[in-house]
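# Observations on chain architecture
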There are 2 protein chains.
Amino acid sequence: MNKLKNSLREAMEAAGLRSGMTISFHHHLRNGDHVLNMVLDEAARMGIRDLTLQASSIFPVHAPLIGHIQSGVVTGLETCYLSGPVAEAISHGLLQKPVVFRSHGGRAAAIAEGRVHIDIAFIAAPSADPAGNLNGVSGPAACGSLGYAFADARYADTVVAVTDSLVPYPLSPVSIDETQIDYVAKVDCIGDPRGIVSGTTSVTRDPVALRIADYAARVMAASGLMREGFSFQTGAGGASLAVTEYLKPLMRERGVTADFGMGGITGAMVELLEKGFIRQLLDVQCFDLRAVASIRENPNHIEIPAIRYAAPIRRGSAVDRLSCLVSSGGIIGGSGGHSDTAAGAALTLIVAPLFRARLPIVVDRAGCISTPGSTVDALVTQRGIAVHPRRGDLREALLRARLPVYDIHDLQAMATRVTGVPDAPRHGDRIVGLVEYRDGSVIDRIYQQA
Amino acid sequence: MNKLKNSLREAMEAAGLRSGMTISFHHHLRNGDHVLNMVLDEAARMGIRDLTLQASSIFPVHAPLIGHIQSGVVTGLETCYLSGPVAEAISHGLLQKPVVFRSHGGRAAAIAEGRVHIDIAFIAAPSADPAGNLNGVSGPAACGSLGYAFADARYADTVVAVTDSLVPYPLSPVSIDETQIDYVAKVDCIGDPRGIVSGTTSVTRDPVALRIADYAARVMAASGLMREGFSFQTGAGGASLAVTEYLKPLMRERGVTADFGMGGITGAMVELLEKGFIRQLLDVQCFDLRAVASIRENPNHIEIPAIRYAAPIRRGSAVDRLSCLVSSGGIIGGSGGHSDTAAGAALTLIVAPLFRARLPIVVDRAGCISTPGSTVDALVTQRGIAVHPRRGDLREALLRARLPVYDIHDLQAMATRVTGVPDAPRHGDRIVGLVEYRDGSVIDRIYQQA
C-alpha cells in the first residue's frame, strides 16, 4: 500500500475526483491558505465541473474561487463563514444556488449524521507522515489546532492529506491518524502562516470598545457565574477580546480560577492560561501565532474537534458546559461557532457599540439572523446594558451591582437620536444564501444586493 | 443533560440493559480488573439473562463469570484471549455456544465494520470527568493505554464509563472524549493496578531462553532489516522480552535507532526508549507499571487505538509498517495481536525452546492455529533456526551470518529423539471455540477436552 503521491494531481486522480462531487476543506490556515486554490486550479485543468465546496470558511485569499464559479468548475458552496471578494461577488448574484451557511457545530453534526455527504476531503496538513498521520503544530505552515478538519476526515468517503512537510513514520503528536487517510499529497507549500492572523484578532484601543469590555466583565461578575471553576469564551472581535483584560482584576479580587477557556484561541487567552487565570484552553482553531506556539508547547492548551467543541448531538458537547460567552455584534461573514456557544452557554453577552458608521446597532429586525435572540442573555453597549426579558434574575443582579440597565428600546432610541431612523435595507428578490441553524432548520435567507 | 450516575446500577438502568444484549469490556486492568465482575453481578441482581460478552480478554480474576454462565446470565463469549479458571471450564464444555476468538486487530475491524454489534460498552476509566472525557493514565487504578477500548466506545449504541476517580470538567489528557460517552458511573474501585503485571511480562533468566533470544536478535541483524529507522515488536513472553536485551549491542554496533517499538509495552521497551534505542513507543496496552508511568510522562510514548495498531482495514494500520516481530510460540490464551502483527511485519520470528514439558514444539499439526504459517518467516530455537520455504532469501542471509539453519523437520527430529513421538492429542467431538482470522474467516476449531 503506497498512500504517498508526489503531486496534488496524482492524489486527486487516485482519489477518483469526478464532476458533480462534493469536496471539503478546513480553514485553519485562514487568509494564508493555499490548498483550496491549488485543488480548484488543478480540478479546472482536469476538466472537472459542477463541484460543491463544503468549506469550513472562505477568506479573501480564496478570490480565485470567483473564476472557478464563473467557469462552472464550482456550482455549490456550503460554509460557516464567507468574507472578502467571494462574499462580495456572491452577494451580487455570482452563484446560481444559494450558499448554505452553517455554524461550526452544526456543520460537524450535519457531517456526522449524514445530512452532508463529502466525497473527497482535502486536509491541509502542516505535518504528515507517509501513512497519513498528521498534525497542525509542526512544519513551516504550522497553524495549531485542526479542530474543524476532524469531522471531514472521519466521515468523507476518501481523504487526501496535503502537506509540505513530510516526516518519517510515525509522526507525533497525531491529530488525525492514518486509519482515516487514503492519500498523502506532497506539495511545495500549503500556505503562509502569517495569514492566520486576521484583523479581527487584535485587541482594540478604542475607548468606546474598552468601556463596553469593562461593562461586559462586570456583567459576568454580577451574574454570579464568576465562581471557582467557571469557564468562558471570547470571540475574535476587538471588543470581546478586550473583555479578557477587564476580567483579570475581577478574577484576582475574587480569588477564582477558570477551569477552561474555549473556542478560537488568541494570544490574549494564552496569556490568561500562562498567568494562571485559566487552567486549560480547549482550542478548535488558533487565531494567531502566539496561540500556535502555545498549543505546540503547553500541555494545558488542548486541540479539540469541532464535534466536541460545539455539535448539537445527543451526548452533548463542550459548549453545553460553558459558563460565559462574550461576542461582538456586527456584520461578519457567518455564525462560525457563535450560535452553538450561545445555545450552550449559561450567560451569552453580545458586546457592541450603540451605533456603527451612523447606523444603530439595535434595529427592529436584524439584517440576517444567525443566532436566535432567545439564546442571548444581554446586549452590552457603551451607554447601557439591555437584558433579555426571560432573564429577570439577571436584570435584578445587574441593578444590584449598579450597572446601567436599560430596556432595549431605550438603547435603540438613544442611538436613533444620533443617527436618525435608518432606511429599511433594500435588496433584490433572489435568495443567494440560506442560514441553517445548528439543528438543521433554516432560520434566515440572504437576498441578492440591490 | 446529566450523564453522571452515582451507582453502577443506576447507570446500567439508564443505559437500558436488557436480556439478550451484547455488552463489551476492555482488559487494560488485566488480572486486576473489577469492572467486568461488578457489571455481571449487578446484571444478575437485575434479573438479566442471555448476555453475550464482547470482552477483549478474560483473566483468572474473572472466575466469577463461571457462575454467571451456569446461571444463564451469560450465554455467549467473544474474546481475543482467555485464561485461568474460565478458560479451563470452557475447555470442559461450560458454555453451549462456542467461544469466538479474534485477534485484537480483527476484533476492532469487526466492530468498525458492523460484523460485531455492541449494545452497551462498559469502559473501565481510571480517570473521568462528569461529561465522560476519560483517560487511563491518572487515578488510583491507572493502567496506561486504553487502546482496545476505542472501537467499543466509538461504535457501541450506548457507552458507560465506569470510574473511581472523578475529576472536574474538562479532564486532560483525554483518550476517549465526551462525544462518545452516554453515562458516567461513579464506583468505589475499578480495579487493582498491581494485577496489570502478568507472569508473561518478566524477563527470563533461563539460559535456554536467553540463547534463543540471542539467536533471534542475530536473525534480525542478519535479515538486513536492522537499519536506521527500522521498527520492532516483542510480545510479553519471557523469551521474546529477552530479545530486547540482545538487540542493544547489535544496534549500538550498527549505530542505528529504531523509529518505533509497538504493541503491548513492557518496562524493557520503555528502557529502550529512555536510552535512545527507539524514538517512539506506540502503545496499545501497558504490560507493567513502568510502562504506565512512562506513557503518563513521556511524550514519545504514545497511546494508539487497536484499529490504528492492527486492524486489517483498507487504509492500513501500523502493523503494515512494522519491520520485525518476535513472539513466543507456546500455549497461551489466544492470538491477542499476534496474527495481525505477523501478517503485517516484514520479518516474523517465533521464538520457542525445542521442547517444553517433554513435548516437542514442532509437530505435524498445531493443536490450534491462530496465526497461519504463511505469515511466519522463521522459528528460532536453542538448537537451530528453521526458515519458511518461501523465504529462501532469508535462509541465505542467515547462512552467510553463520547462524545454525535447519530444515524444520530436522528440528522436529532433534526434539523427538529426546521426547519420543508424542501421542496424538485426544479431544471430544463438541466444538467449544471458533478461531476467526483477522479477515473474518474461521481458521480453526477448538474441541472440548476429553
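## Quick notes on the overall build of chain A
When you go through chain A residue by residue, the secondary structure sums to 14 helices and 23 strands. A compact globule built from 450 residues should have a C-alpha radius of gyration of about 22 Å, and chain A, at 22 Å, falls within 12% of that. Once the C-alpha set of chain A is aligned to its principal axes, its extents read approximately 70 × 50 × 40 Å. Residues counted as buried form 62% of the 450 residues belonging to chain A. Considering only contacts within chain A whose residues lie at least 6 apart along the sequence, 68% involve residues at least 24 apart. By element, 50% of the accessible surface of chain A is carried by carbon and sulfur atoms, the whole surface being about 16700 Å². Distance between charge centres in chain A, computed from 43 positive and 44 negative side chains, equals 5 Å.

## Some thoughts on the relation of the copies chain A and chain B
Mapping chain A onto chain B leaves a residual RMSD of 0.0 Å; the transformation is a rotation of 180 degrees accompanied by 0.0 Å of translation along its axis. Read as a symmetry element, the transformation amounts to a two-fold axis. Identified as the residue of chain A closest to the rotation axis by C-alpha distance is Pro299 of chain A, at 5.0 Å. A shared binding surface is used by both copies, with 100% of the interface residues of chain A retained as interface residues in chain B.

## Concerning the pairing of strand β22 (residues 427-436) of chain B
All names here are of chain B. By the bridge criterion, three bridges tie strand β5 (residues 99-101) to β22 in an arrangement that is parallel. Across the sheet, Val100 pairs through a bridge with Leu434, a residue of β22. Pairing analysis gives six bridges linking β22 to strand β23 (residues 442-449), with the strands arranged antiparallel. Note on β23: the bridge partner recorded for Ile431 is Tyr447. Here β22 folds back onto β23, and the loop between the two strands holds five residues, one of which, Gly440, carries a positive phi near 95 degrees.

## Looking at the interface of chain A and chain B
Many analyses report the size of an interface as the accessible area lost when the parts associate. On the side of chain B, 37 residues touch chain A, which itself brings 37 residues to the contact. Summed over both sides, the interface of chain A with chain B buries roughly 2900 Å², with 46% coming from carbon and sulfur. Of all residues in chain A, Arg308, Arg315 and Arg321 of chain A give up the largest surface area on contact with chain B, accounting jointly for 26% of the area buried on that side. Counting every contact that joins chain A to chain B gives six salt bridges. The salt bridge involving Asp182 of chain A is made with Arg315 of chain B; its shortest N-O contact spans 2.7 Å. For the pair chain A and chain B, the interface holds 16 residue pairs in polar contact (both at pLDDT 80 or more). Counting only elements with at least two residues in the side of chain A that touches chain B, the list comes to β9 (158-163), β12 (258-265), β13 (278-286) and α11 (306-310) of chain A. Tallied by class, the residues present in the side of chain A that touches chain B amount to 18 nonpolar, eight polar and 11 charged.

## Description of the sheet that holds strand β2 (residues 22-25) of chain B
Strand pairing within a sheet occurs via backbone hydrogen bonds; the two strands may be parallel or antiparallel. Strand order across the open sheet formed by 10 strands is β1-β10-β9-β6-β2-β3-β4-β5-β22-β23 (chain B), with mixed pairing between neighbours. Where the open sheet ends on each side, the last strands, each with one partner, are β1 (4-5) and β23 of chain B.

## Comments concerning the domain arrangement of chain A
Residue and element names in this part refer to chain A. Each assigned domain of chain A is listed with its residue range as follows: domain 1 (4-195) and domain 2 (207-419). Spacing between the C-alpha centres of domain 1 and domain 2 amounts to 30 Å. Tallying the contact residues gives 26 residues for domain 1 and 27 residues for domain 2. A combined buried area of about 2000 Å² lies between domain 1 and domain 2, and 60% of that area is made up of carbon and sulfur atoms. Contact with domain 2 buries area across many residues of domain 1, yet Val137, Ser145 and Tyr148 alone supply 23% of it, more than any other trio. Summed over the shared surface of domain 1 and domain 2, the number is zero salt bridges. Where domain 1 packs against domain 2, one counts 15 residue pairs in polar contact (both at pLDDT 80 or more). For the side of domain 1 that touches domain 2, the leading source of residues is helix α5 (residues 104-112), giving six residues. Along the lines of polarity and charge, the residues of the side of domain 1 that touches domain 2 split into 14 nonpolar, 10 polar and two charged.

## A look at the environment of Thr75 of chain A
All names here are of chain A. By the element assignment, Thr75 lies in strand β4 (residues 74-79). You can call Thr75 partly exposed: its relative accessible area is 23%. Once you skip the residues sitting within four places of it in the chain, Thr75 turns out to touch Asp50, Leu51, Leu95 and Lys97. At a separation of 2.4 Å, a polar atom in the side chain of Thr75 contacts the side chain of Asp50.

## Quick notes on the sheet that holds strand β5 (residues 99-101) of chain A
Within the open sheet, the 10 strands sit side by side as β1-β10-β9-β6-β2-β3-β4-β5-β22-β23 (chain A). Their pairing is mixed. Across the chains shown, the open sheet's two edge strands, defined by having one partner strand only, are β1 (4-5) and β23 (442-449) of chain A.

## What about the nonpolar core?
If you look at the biggest cluster of nonpolar residues, it comprises 136 residues, and the most contacted ones within it are Ile23, Leu51, Met220 and Phe232 of chain B. Broken down by element, the residue count for this core peaks at 10 residues, all from helix α7 (residues 207-222) of chain B. Those residues in contact with Leu51 of chain B, other than ones at most four positions away along the chain, are Leu17, Arg18, Gly20, Met21, Ile23, Leu40, Ala43, Val73, Val74, Thr75 and Gly76 of chain B. Leu65, Ala128, Val137 and Val187 of chain A belong to the second largest nonpolar core, which has 135 residues in total.

## Observations regarding the pattern of salt bridges
One pass over the structure, following the stated rule, counts 54 salt bridges over all chains. Note that Arg115 of chain A is salt-bridged to Glu113 of chain A, the shortest N-O span being 2.8 Å. Taking the shortest distance from any N to any O, the salt bridge between Arg102 of chain B and Glu78 of chain B comes out at 2.8 Å. Taken as a pair, Arg102 of chain B in the loop between β5 and α5 (104-112) and Glu78 of chain B in strand β4 (residues 74-79) lie far apart in primary sequence, 24 residues in all. For the pair Arg102 of chain B and Glu78 of chain B, a shared accessibility class is recorded, and that class is buried. Linked through salt bridges whose partners overlap, the residues forming this network are Glu245, Lys248, Glu271, Glu274, Lys275 and Arg290 of chain A.

## Thoughts on helix α14 (residues 408-419) of chain A
For the α-helix, the turn length of 3.6 residues means that residues three or four positions removed from each other point alike. All names here are of chain A. The first and last C-alpha atoms of α14 sit 16 Å apart over 12 residues, in line with the 16 Å expected at 1.5 Å per residue. When we look at burial in α14, the residues that qualify are Leu411, Gln412, Met414, Ala415, Thr416 and Thr419. The inward-facing, buried residues of α14 abut β17 (355-356), β18 (359-360), β19 (378-380), β20 (385-387) and β21 (405-406). Remark: Gly420 follows α14 within two positions and exhibits a positive phi of approximately 75 degrees.

## As for the packing of helix α9 (residues 267-274) of chain A against helix α10 (residues 289-297) of chain A
All names here are of chain A. Remark: α9 packs on α10, axes separated minimally by 8 Å, with the N-to-C direction vectors making an angle of 40 degrees. The angle between α9 and α10 falls in the class oblique. When α9 is examined against α10, the residues Gly267, Val270, Glu271, Leu273 and Glu274 are found in contact with a partner set consisting of Arg290, Ala291 and Ser294. The class makeup of the residues in the contact of α9 with α10 is three nonpolar, two polar and three charged.

Calculation criteria
- Residues numbered from 1 in each chain as written.
- Chains lettered and ligands numbered in written order.
- Predicted model: local features only at pLDDT ≥ 70, side-chain atom pairs only at ≥ 80, totals over all residues.
- Heavy atoms only, no water.
- Helix = DSSP H or I, 4+ residues; strand = E, 2+ residues; numbered from the N terminus.
- Rg over C-alpha atoms; globule rule 2.2 N^0.38 Å.
- Buried < 20%, exposed > 50% of the residue type's maximum accessible area, 1.4 Å probe, protein only.
- Contact = heavy atoms within 4.5 Å.
- Areas by Shrake-Rupley, 256 points an atom, 1.4 Å probe, with all protein chains shown as cover.
- Lys, Arg positive; Asp, Glu negative; His and termini not counted.
- Charge placed at Lys NZ, Arg CZ, Asp CG, Glu CD.
- Least-squares fit on C-alpha atoms with pLDDT ≥ 70 in both.
- Pairing = 2+ DSSP bridges.
- Buried area = accessible area lost by both parts, 1.4 Å probe.
- Salt bridge = Lys/Arg side-chain N within 4 Å of Asp/Glu carboxyl O.
- Polar contact = N/O pair within 3.5 Å; in protein donor to acceptor, adjacent residues only side chain to side chain.
- Nonpolar A, V, L, I, M, F, W, Y, C, P; charged D, E, K, R; others polar.
- Domains from an automatic or database assignment.
- Core = buried A, V, L, I, M, F, W, Y, C linked by side-chain atoms within 4.5 Å.
- Expected span 1.5 Å × (residues − 1).
- Axes fitted to C-alpha atoms, helices over the stretch in contact; angles between N-to-C directions.
- Parallel < 35°, antiparallel > 145°, perpendicular 65-115°, else oblique.

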